[in-house]
2 protein chains.
Amino acid sequence: MSDPRKIVLDESRIPRNWYNIVPDLPAPPPPPLHPGTRQPVGPDDLAPLFPMELIAQEVSAERHLPIPDSVLDVYRLWRPTPLIRARGLERSLGTPARIYYKYEGGSPSGSHKPNTAVPQAYYNAQQGVRRLTTETGAGQWGSALAFACAQFGLECEVWMVHASYDQKPYRRSLMQVYGATVHASPSAVTSAGSKILAEDPDSPGSLGIAISEAVEVAGSHEDTRYALGSVLNHVLTHQTVIGEEAIEQLAAAGETPDVIVGCTGGGSNFAGLTFPFIREKLAGKIDPVIRAVEPEACPSFTRGIYAYDFGDTAGFTPLLMMHTLGHLFMPDPIHAGGLRYHGMSPLLSHMYELGLFEAVAKGQSECFEAGLRFARTEGIIPAPEPTHAIAETIAEAVRCRESGEEKVILTALCGHGHFDLSAYERFMSGQMEDYVLPQERIDEALAHLP
Amino acid sequence: MSDPRKIVLDESRIPRNWYNIVPDLPAPPPPPLHPGTRQPVGPDDLAPLFPMELIAQEVSAERHLPIPDSVLDVYRLWRPTPLIRARGLERSLGTPARIYYKYEGGSPSGSHKPNTAVPQAYYNAQQGVRRLTTETGAGQWGSALAFACAQFGLECEVWMVHASYDQKPYRRSLMQVYGATVHASPSAVTSAGSKILAEDPDSPGSLGIAISEAVEVAGSHEDTRYALGSVLNHVLTHQTVIGEEAIEQLAAAGETPDVIVGCTGGGSNFAGLTFPFIREKLAGKIDPVIRAVEPEACPSFTRGIYAYDFGDTAGFTPLLMMHTLGHLFMPDPIHAGGLRYHGMSPLLSHMYELGLFEAVAKGQSECFEAGLRFARTEGIIPAPEPTHAIAETIAEAVRCRESGEEKVILTALCGHGHFDLSAYERFMSGQMEDYVLPQERIDEALAHLP
């Protein structure tokens, strides 16, 4: 057993700092703007929505943000996460490539989302906040926040996209097990939701609408704040524990990565895996190819434009400079609900413009085929979101088979698919759709940029 | 972080041997009998059902059975499993007790079952077997075997209790993702199933019926064998990796267990956790109280008798000397499907008669209440089966609060509850039944002992 299949670290090896990449970039990202004045938003604009500590992290110029002991203590429930050598997958592909995946599905809610949910709940609790609101699509973020709120005694109120509320009753139950209140969105509880219901009582909802509802409730209650599961700088920074551990684990295996692949929706998993490696790359220590993978049905990097846009549908958020398909763009109902977001993290968008990584888009069938192969060879059922990264990992490994190159490929398996088996069933029964996105739909949505 | 929340071991610490407790017992367990002759069954009687290596393990007099490298290589995907200090649960109870749980839910199929599914698939593949058949109730065993068969290129055919087949479509999909064929049991594929369907076309099925079907198909095909997920000696022996790791982990934490608690259905999880500790107890090194927890709706230890009985409903198996409620006993439909078995492992039954551990029974509501508390404090949603062990762990910790004793309590969290959220939903909405089992139902079933 000298050639490891899995590299685990003792809990004393959990990173003590989150890594903030902003000060290491050749240029700072453009700031968020107030939609009325088009002036940069300041801490006071954000204070109704976020606690001061998170606002400070959002604009921090410090490379290293210390992780509080109380957060570390909860991280210890599942961190460090394992880095696993995908020997079964390699064998099935007959590739000389060596494939490693960092597995985040062992967290209480089954994805990487608790990495940021826990500190967000902690800082809110420290500030005396009583309740957190949020939105959730497929449910991974909502269940992570519900778990984190239970750890720090906060109430948690989640607006879940109505279509998912009906299709994924077990994700909803999971949030309720953790003690959260879950609303189908659009809901009659908010004016944003009521307005949409008045126009369309059967609205299936969208992530953009659910964000509007959660933000409205947080903004109008003194004891309530809002939590976001991706997109913002502080969220991406919290996720860097993934990459920091992976660096130590790859080194323990004596490996240097040649290719790093991650899926992108709002960008938090991709950033968490890659930022520490990009730091090493900027310092000239390593030179891997770094590649984001997004769904063809929601291709903000590969077909969106780089512009200021709203983060939500109703236009409650600041304007964010990002790759966007337009805040009114409604993605087709692919099963990777966590990747169905019209925009992209402003920080990642800026880094993409700087040429720090590349991006590709994948169709749904190719991704589920990759997920099925992964399950049968590695045992773990991937959530639909990371099947995008797995599909590209497989494509890269097949290229290595053809070229004979022994590349080291690193990817992130950011969540398990235990709540997504109906999607696998659709795929296995040959009923899975591959959506074609006509350029006109993108153009039409982009015509409504603020 | 000097006071650990979680003790992890490097993969080099996976045990190299399974521990067979039989040679360490003061008396050997009574042998299985042929139902016709009432003579002990020999290897030839079992050869149509099991490969020779497993038959040899079933009757082995060796203390230590070496784990083959190919099995270790698959174990490395998730083993060693973590031992976690339940600090959140302790705090919520205000107990001076220190509670540790060994978490097996991180395996590919989410329970402890792959610990034996993997070697069973391996030994069958080694012998040139092409296909394995089995039964499954709630689906934990079926999905474990499906995973293991995918690892060694075997076909897998599962008879799933019809009621569960309908109620747990996602467990069924999980088996199919791993490539298995799943039948609702009773099925028209077998004569045992056809006979029952002729009498009752709407039969909800039972574990006993599903065993009869899987055994019938294996027994009548040269290239097919049968795999059982609990009850038999070799199955219990494979599970001892749990307890062996736990001994090393508790020692690393500087702890000696005072109370060890596990749930029992067929007995494999309880045996896996406790056998290595019972070895130490028999050697006079430690002296913990060891306690099995079974459901009030299926109380084979606490209300069954110790007698020879069939392992299945149709009477295809050898006669097993065990604690039984009668092979025709039909347990009420509690959500802990893995504990709904009329009998008990003969080896554990024998050890219970020897006074090596004690047993208690728990009602369903107390268990789900314990599961909900555990989820909110520890983050992990327990499967319904281990909520029994958690309920007794909590009861013990509350007794410690009252007495002031700082006991060390060890338990096994043998699986997660991601596929059981509809049961939690029933509990949270106040609709969960607590079944009362009248003595007449037990007496009636016991009147039909062979």
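Residues numbered from 1 in each chain as written. Chains lettered and ligands numbered in written order. Predicted model: local features only at pLDDT ≥ 70, side-chain atom pairs only at ≥ 80, totals over all residues. Heavy atoms only, no water.

### What about the overall build of chain A?
- In terms of regular secondary structure, chain A is built from 19 helices and 15 strands.
- Whereas a compact globule of 450 residues would reach a radius of gyration of roughly 22 Å, chain A reaches 20 Å, a difference of no more than 12%.
- Over its C-alpha atoms, taken along the principal directions, chain A stretches across nearly 60 × 50 × 45 Å.
- Looking at chain A residue by residue over its 450 residues, the buried ones come to 66%.
- Put simply, of all contacts in chain A between residues at least 6 apart along the chain, 77% involve residues at least 24 apart.
- Accessible surface, chain A: about 14600 Å² in total, of which carbon and sulfur atoms supply 51%. (Helix = DSSP H or I, 4+ residues; strand = E, 2+ residues; numbered from the N terminus. Rg over C-alpha atoms; globule rule 2.2 N^0.38 Å. Buried < 20%, exposed > 50% of the residue type's maximum accessible area, 1.4 Å probe, protein only. Contact = heavy atoms within 4.5 Å. Areas by Shrake-Rupley, 256 points an atom, 1.4 Å probe, with all protein chains shown as cover.)

### Quick word on the confidence of the model for chain A
- Of all residues in chain A, 100% attain a pLDDT of 70 or more, and the chain-wide mean is 95.
- With a pTM of 0.96, the predicted complex shows an ipTM of 0.94. (pLDDT = per-residue confidence, 0-100.)

### Considerations on the pattern of salt bridges
- Across all of its chains, the model carries 59 salt bridges over all chains by this definition.
- In this structure, R279 of chain A and E244 of chain A form a salt bridge, with 2.8 Å as the shortest nitrogen-oxygen distance. With R279 of chain A in helix α13 (residues 268–282) and E244 of chain A in helix α12 (residues 241–252), the pair connects residues that are 35 residues apart, well separated along the chain. Summarising the burial analysis for this pair, R279 of chain A and E244 of chain A share the class buried.
- For R63 of chain B, the salt bridge identified is with D24 of chain B, shortest N-O distance 2.5 Å. A residue pair is termed long-range when its members are at least 10 positions apart, and R63 of chain B in the loop between α2 (52–58) and β3 (64–66) and D24 of chain B in the loop between β2 (17–19) and α1 (43–46) qualify at 39 residues.
- Within this structure, R291, E358, K362, E366, E392, E396, R399, E405 and K407 of chain A form a network of salt bridges that share partners. (Salt bridge = Lys/Arg side-chain N within 4 Å of Asp/Glu carboxyl O.)

### Remarks on the relation of the copies chain B and chain A
- Mapping chain B onto chain A leaves a residual RMSD of 0.0 Å; the transformation is a rotation of 180° accompanied by 0.0 Å of translation along its axis. Both copies of the chain, as the preceding transformation shows, are related through a two-fold rotation axis.
- When the interface residues of chain B are mapped onto chain A, 98% of them again fall at the interface, so both copies present the same face. (Least-squares fit on C-alpha atoms with pLDDT ≥ 70 in both.)

### What to know about the side chain of H183 of chain B
Residues and elements named next belong to chain B.
- Looking at the element boundaries, H183 is found in strand β8 (residues 181–185).
- Among the polar contacts listed, one links the side chain of H183 to the side chain of E157, at a separation of 2.8 Å.
- Setting aside anything within four residues of it in sequence, one finds H183 in contact with E157, V158, W159, M160, Y165 and V189. (Polar contact = N/O pair within 3.5 Å; in protein donor to acceptor, adjacent residues only side chain to side chain.)

### Some remarks on the layout of surface pockets
- Of the pockets and cavities examined, the largest pocket occupies roughly 860 Å³.
- As for the largest pocket, its lining consists of 46 residues, of which A163, S164, Q167, I334 and R340 of chain B are closest to the centre.
- Contributing elements (two or more residues each) for the lining of the largest pocket: α8 (169–177) of chain A together with α7 (162–167), α8 (169–177), α10 (207–219) and α18 (421–428) of chain B.
- Of the residues contributing to the lining of the largest pocket, the split by class is 22 nonpolar, 16 polar and eight charged. (1 Å grid on protein atoms, 1.4 Å probe; cavity = no way out; pocket = protein on both sides within 12 Å on 5 of 7 lines; lining within 4 Å. Points joined across faces, edges and corners; volume = space filled by probe spheres on them. Nonpolar A, V, L, I, M, F, W, Y, C, P; charged D, E, K, R; others polar.)

### Notes on empty space enclosed by the protein
- Following the criterion strictly, the structure yields nine cavities of 30 Å³ or more and no others.
- If you add up the space inside the largest cavity, you get close to 710 Å³.
- Among the residues forming the lining of the largest cavity, the class breakdown is 20 nonpolar, 13 polar and four charged.

### Side note on the state of the cysteines
- This structure, assessed with the given rule, holds zero disulfides over all chains.
- Counting only cysteine sulfurs, C263 of chain A is the nearest neighbor of C298 of chain A, a cysteine outside any disulfide, at a range of 13 Å.
- Looking at C156 of chain B, it has no disulfide partner, and the nearest cysteine sulfur is the one in C149 of chain B, 4.1 Å off.
- Judged by relative accessible area, C156 of chain B falls into the buried class, the value being 6%. (Disulfide = S-S within 2.5 Å.)

### Examining the interface of chain B and chain A
- Listed per partner, the contact involves 51 residues of chain B and 50 residues of chain A.
- When the two sides are added together, the surface that chain B and chain A hide from each other amounts to roughly 4300 Å², 56% of it contributed by carbon and sulfur.
- Across the contact surface, chain B and chain A share four salt bridges.
- A salt bridge links D73 of chain B to R5 of chain A, with the shortest nitrogen-to-oxygen separation between them at 3.1 Å.
- The interface formed by chain B and chain A contains 23 residue pairs in polar contact (both at pLDDT 80 or more).
- In terms of residue count, α8 of chain B provides more of the side of chain B that touches chain A than any other element does, seven residues in total. (Buried area = accessible area lost by both parts, 1.4 Å probe.)

### What to know about the sheet that holds strand β8 (residues 181–185) of chain A
Residues and elements named next belong to chain A.
- Taken together, the four strands give an open sheet; going across it, the order is β8-β7-β6-β9, and neighbouring strands pair in parallel fashion. Both edges of this open sheet fall to β8 and β9 (224–226), since each of them pairs with a single strand only. Neighbour to neighbour, the strand axes of the sheet diverge by 25° on average, direction disregarded.
- The pairing of strand β6 (residues 131–136) with β9 spans three bridges and is parallel. Paired with L132 across the bridge in β9 is R225. (Pairing = 2+ DSSP bridges. Axes fitted to C-alpha atoms, helices over the stretch in contact; angles between N-to-C directions.)

### Digging into the sheet that holds strand β9 (residues 224–226) of chain B
All names here are of chain B.
- Read across the open sheet, the four strands follow the order β8-β7-β6-β9; overall the sheet is parallel. Among the strands making up the open sheet, the edge pair consists of β8 and β9. When the angles between neighbouring strand axes are averaged without regard to direction, this sheet yields 25°.
- Here five bridges tie strand β7 (residues 155–161) to β8, and the two strands are oriented parallel to one another. Across the sheet, residue M160 finds its bridge partner in β8, namely A184.
- Here α8 sits on the sheet and contacts β6 (131–136), β7 and β8; the angle it forms with β7, its principal contact strand, is near 170°.

### With respect to the pairing of strand β13 (residues 319–324) of chain B
Residue and element names in this part refer to chain B.
- In terms of residue burial, β13 counts as a mostly covered element, since six of its six residues are buried.
- Relative to β13, strand β12 (residues 305–310) runs antiparallel, the two sharing six bridges. Bridging from a neighbouring strand, D309 pairs with L320 of β13.

### Quick word on the packing of aromatic side chains
Residue and element names in this part refer to chain A.
- Across all of its chains, the model carries 27 aromatic pairs over all chains by this definition.
- Between the aromatic rings of F50 and Y226, the centroid separation amounts to 6.0 Å while the plane-to-plane angle is 55°, which identifies the pairing as tilted. Of the two residues, F50 is situated in the loop between α1 (43–46) and α2 (52–58) and Y226 in strand β9; the sequence distance between them amounts to 176 residues. Y226 carries the same exposure label as F50, and that label is buried.
- In textbook terms, an aromatic cluster arises when at least three aromatic residues are bridged by ring pairs, as seen for Y75, W78, F147 and Y178.
- Residue placement shows R279 over the ring face of Y19; its charged tip is 4.5 Å from the ring centre. (Phe/Tyr/Trp six-rings, centres within 6.5 Å; stacked < 30°, edge-to-face > 60°. Lys NZ or Arg CZ within 6 Å of the ring centre and 35° of its normal.)

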